[in-house]
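Topology and contacts: notes
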Amino acid sequence: MSQTKVEAPFVENNRPFRNLIINGDMQVAQRATSTTGVANDSDEGYNSLDRFGLYYYGNEGGAATMSQDTTVPSDTSYGVQKQSLKVDVTTADTSIGATGIIALKQTVEAQYIHHSGWDFTSSSSKITLSFWARSVKAGTYCVLFRDHDASGERYFVKEYTLVANTWKHVEMVVPGDSNLVFNADNGEGLEVRWILAAGDDRNDATADTWFAPGSAYENSTSNQVNFYDSTSNNFFLTGVQLEVGDQATNFEHLPRDVQLDRCMRYCYVHNNDADSSQALIFPGASRGGTNKYFYIQHPRPMRDTPSVTVSGEIRIINCTAGDQADADDTLAIGGVTPSIQGQNANEKGVTIAYTGAVSGITDTANTGYMMMFIKETDNKLTFDAEL
C-alpha cells in the first residue's frame, strides 16, 4: 500500500521559549504581591513581582506602591492576560531633578541574548519587544534598550503613546548594530527600561538609533511624560515579550511551575505559614575550633552566588551540647556575621560560614550543628542573585 507523507506547516509563533523576558505575564511574585512606599533607597528595585524592578536613579524623589493586579486588557488578540504589574504613585514628584530617572526594568542575562539566534551585530537582524500598557497619565512614554557588554555600553530608545485609562498593545522592532556585544556569560546583557520620568539631563535621546551614552546617559526623548507628577496616576504593564524577529507573535504562556522555575534562577524565597511548630532545618558542622558551616541547597541552579536576607527568627543549635543562640531579622547571631561562601560546582547550593565564637553556643570540634529557620506568618528567607 502506498503512503503519502504530509508535512505539517511551520508555525513561527509555536517556537518554545522564544520569549526572552521572564514572568512577562506577571504571574509570579515571590517576594510580595504588594509593596508600599517604594522610593529611593526604600524597597527600591526588586520588591514584589519577580524579575521586574522599580528604580529611582539619581536619588530621585517620589514614592509608589508596586503590586500584582488583576486589571488586564479585554482584547485577547495577542493572548489572554490574567494579571498585571501596577505602579501607583503615593508621593508625587512634580519637579524631576536634572539627572533623575524613574523606571521599571528587567535585565536579560547576557548568554541568553548571545545564544538567542539574534545576529545582533547585523542591522538587518531584528528583535521585537511587545507589551500591553495602560496609565491614567496620557502622553508619550519611552523604553530604553541598554547593552551592558558593549564598550562604553550602547543605548536605543523607542517612544510609545498612551491614551488615558486605555490599554495599548505596543510593538517595538529593534535592529542589530555592529557595535553591540553580548557575552556568553551570566552577567548583565540587554536591559529593558520602561521610563516613567526623566530629568532634563537624561531626556535628550534621539529615538530609533543605537548610540553611545557617553556621560549624558540619555534614557528618553524630550517627549517623555512625568508619570510621577500626581498621586492620581497609576501605570499597568503585562504581556511583556521579547523575541527574535521583526514582528510580535502571540504571547507565549508558560505553566506556572515552569515560570516559577525560571524566576528561581534569580531569586527564591522560603515563605512560611502561621504554624510556628514547623521549621526549616539546614545541616551544619564544625571543622575544628570556632568555625561553623551550614549548607543550603537551592531548589534549582541560581545565576550566581546569592545574597541571603532573613525576615524572622534564625537559630543555631549545637547538636552535642544542646545549647542554642538565635536572632531576629538577621543572619548575625551571637556577635558573628556570617559569610556566604559561594555555590558549589553545579550552582545548586551555598555555605553559610560563621568563622568565630558565637555567643551562647558551645564550641565543639568536629560535631554537628543545625540552623533552624522558624516558620511563622510573614517570615521569609530570601536568596537573591538578580541582575
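Right above here is the structure, for reference.
Read on for a plain summary of the structure. Everything numeric in this text was worked out from a predicted model, so none of it was measured.

The rules behind these values
- Residues numbered from 1 in each chain as written.
- Predicted model: local features only at pLDDT ≥ 70, side-chain atom pairs only at ≥ 80, totals over all residues.
- Heavy atoms only, no water.
- Helix = DSSP H or I, 4+ residues; strand = E, 2+ residues; numbered from the N terminus.
- Buried < 20%, exposed > 50% of the residue type's maximum accessible area, 1.4 Å probe, protein only.
- Contact = heavy atoms within 4.5 Å.
- 1 Å grid on protein atoms, 1.4 Å probe; cavity = no way out; pocket = protein on both sides within 12 Å on 5 of 7 lines; lining within 4 Å.
- Points joined across faces, edges and corners; volume = space filled by probe spheres on them.
- Phe/Tyr/Trp six-rings, centres within 6.5 Å; stacked < 30°, edge-to-face > 60°.
- Salt bridge = Lys/Arg side-chain N within 4 Å of Asp/Glu carboxyl O.
- Nonpolar A, V, L, I, M, F, W, Y, C, P; charged D, E, K, R; others polar.
- Pairing = 2+ DSSP bridges.
- Core = buried A, V, L, I, M, F, W, Y, C linked by side-chain atoms within 4.5 Å.
- Axes fitted to C-alpha atoms, helices over the stretch in contact; angles between N-to-C directions.

**A closer look at the overall build of the chain**
Tallying secondary structure elements over the chain gives two helices and 21 strands in all. Along the first, second and third principal axes, the C-alpha set of the chain runs to 80 × 65 × 40 Å. For the chain, buried positions account for 53% of its 387 residues. For the chain, long-range pairs separated by at least 24 residues make up 76% of all intrachain contacts whose partners lie at least 6 apart in sequence.

**Description of the layout of surface pockets**
To find the voids left in a structure, one rolls a probe of water-molecule size over its atoms. Here the largest pocket is characterised by a volume of approximately 290 Å³. Considering the residues around the largest pocket, the lining is formed by 13 residues, among which Arg31, Tyr46, Asn47, Thr309 and Thr382 are closest to the centre. Breaking the lining of the largest pocket down by element, the ones donating at least two residues are β15 (307-311) and β21 (380-384). Of the residues forming the lining of the largest pocket, the biggest block, four residues, is contributed by β15.

**Describing the packing of aromatic side chains**
Summed over all chains, the structure comprises 20 aromatic pairs. Aromatic pair Tyr46 and Tyr55: ring centres 6.2 Å apart, planes at 85 degrees, arrangement edge-to-face. Tyr55 carries the same exposure label as Tyr46, and that label is buried. Taking the centre distance of 5.2 Å and the plane angle of 80 degrees together, the rings of Phe131 and Tyr160 count as edge-to-face. Of this pair, Phe131 sits in strand β6 (residues 126-135) while Tyr160 sits in strand β8 (residues 154-162), placing them 29 residues apart in sequence. By relative accessible area, which is 0% here, Phe131 ends up buried. Judged by relative accessible area, which is 3%, Tyr160 ranks as buried. One aromatic cluster is present, built from ring pairs that chain together Phe52, Tyr56, Phe131, Tyr141, Tyr160, Trp194, Phe227, Tyr228 and Phe235.

**Quick look at the pattern of salt bridges**
Overall, the coordinates contain 13 salt bridges when judged by the stated rule. In this structure, Arg51 and Glu386 form a salt bridge, with 2.9 Å as the shortest nitrogen-oxygen distance. Of the two residues, Arg51 sits in the loop between β1 (34-39) and β2 (53-57) while Glu386 sits in the segment after β21, which places them 335 residues apart along the sequence. You can call Arg51 buried: its relative accessible area is 1%. Residue Lys292 pairs with Asp363 through a salt bridge whose shortest N-O separation is 2.8 Å.

**Remarks on empty space enclosed by the protein**
For the coordinates displayed, the defined rule picks out two cavities of 30 Å³ or more. Space inside the largest cavity adds up to approximately 40 Å³. As for the largest cavity, its lining consists of Tyr78, Gln81, Ser130, Trp132, His169, Gly239, Gln241, Thr249, Asn250 and Phe251. Elements that contribute at least two residues to the lining of the largest cavity include exactly β6 and β11 (234-244). Class assignment for the residues of the lining of the largest cavity results in three nonpolar, seven polar and no charged. Within this model, the second largest cavity holds a volume of roughly 30 Å³. Every residue along the wall of the second largest cavity is listed here: Asn19, Ile21, Asn23, Gly24, Phe251, Glu252, Leu254, Gln259 and Arg262.

**Side note on the pairing of β21**
As defined by bridge partners, strand β12 (residues 267-271) adjoins β21 across five bridges and the pair is classed as antiparallel. Within β21, the residue paired with His270 across the bridge is Leu381. Where β15 and β21 come together, five bridges link them in antiparallel fashion. Each bridged residue has a counterpart across the sheet, and for Ser307 the counterpart in β21 is Asp384.

**A word on the pairing of strand β4 (residues 84-91)**
One ladder, built from seven bridges, connects strand β3 (residues 63-69) with β4; its direction is antiparallel. Looking at the pairing, Thr65 lines up with Asp88 of β4.

**Some points on the nonpolar core**
Formed by 49 residues in total, the largest nonpolar core has its most connected members in Leu54, Phe131, Tyr160, Trp194 and Phe235. Looking at which element gives the most residues to this core, the answer is strand β10 (residues 188-198), with five residues. Ignoring anything within four residues of it in the chain, the contact list for Phe235 reads Leu85, Lys86, Val87, Leu104, Ala133, Arg134, Ser135, Tyr141, Tyr160, Leu162, Leu196 and Phe227. Judged by nonpolar contacts, the second largest core, of 26 residues, contains Met264, Ala325, Ile352 and Phe383.

**Overview of the sheet that holds β15**
Across the sheet, which stays open at both edges, the three strands sit in the order β12-β21-β15 with antiparallel pairing between neighbours. At either margin of the open sheet sits one strand with a lone partner, and together these are β12 and β15. Strand-to-strand twist across the sheet, computed as the mean angle between neighbouring axes with direction ignored, equals 10 degrees.

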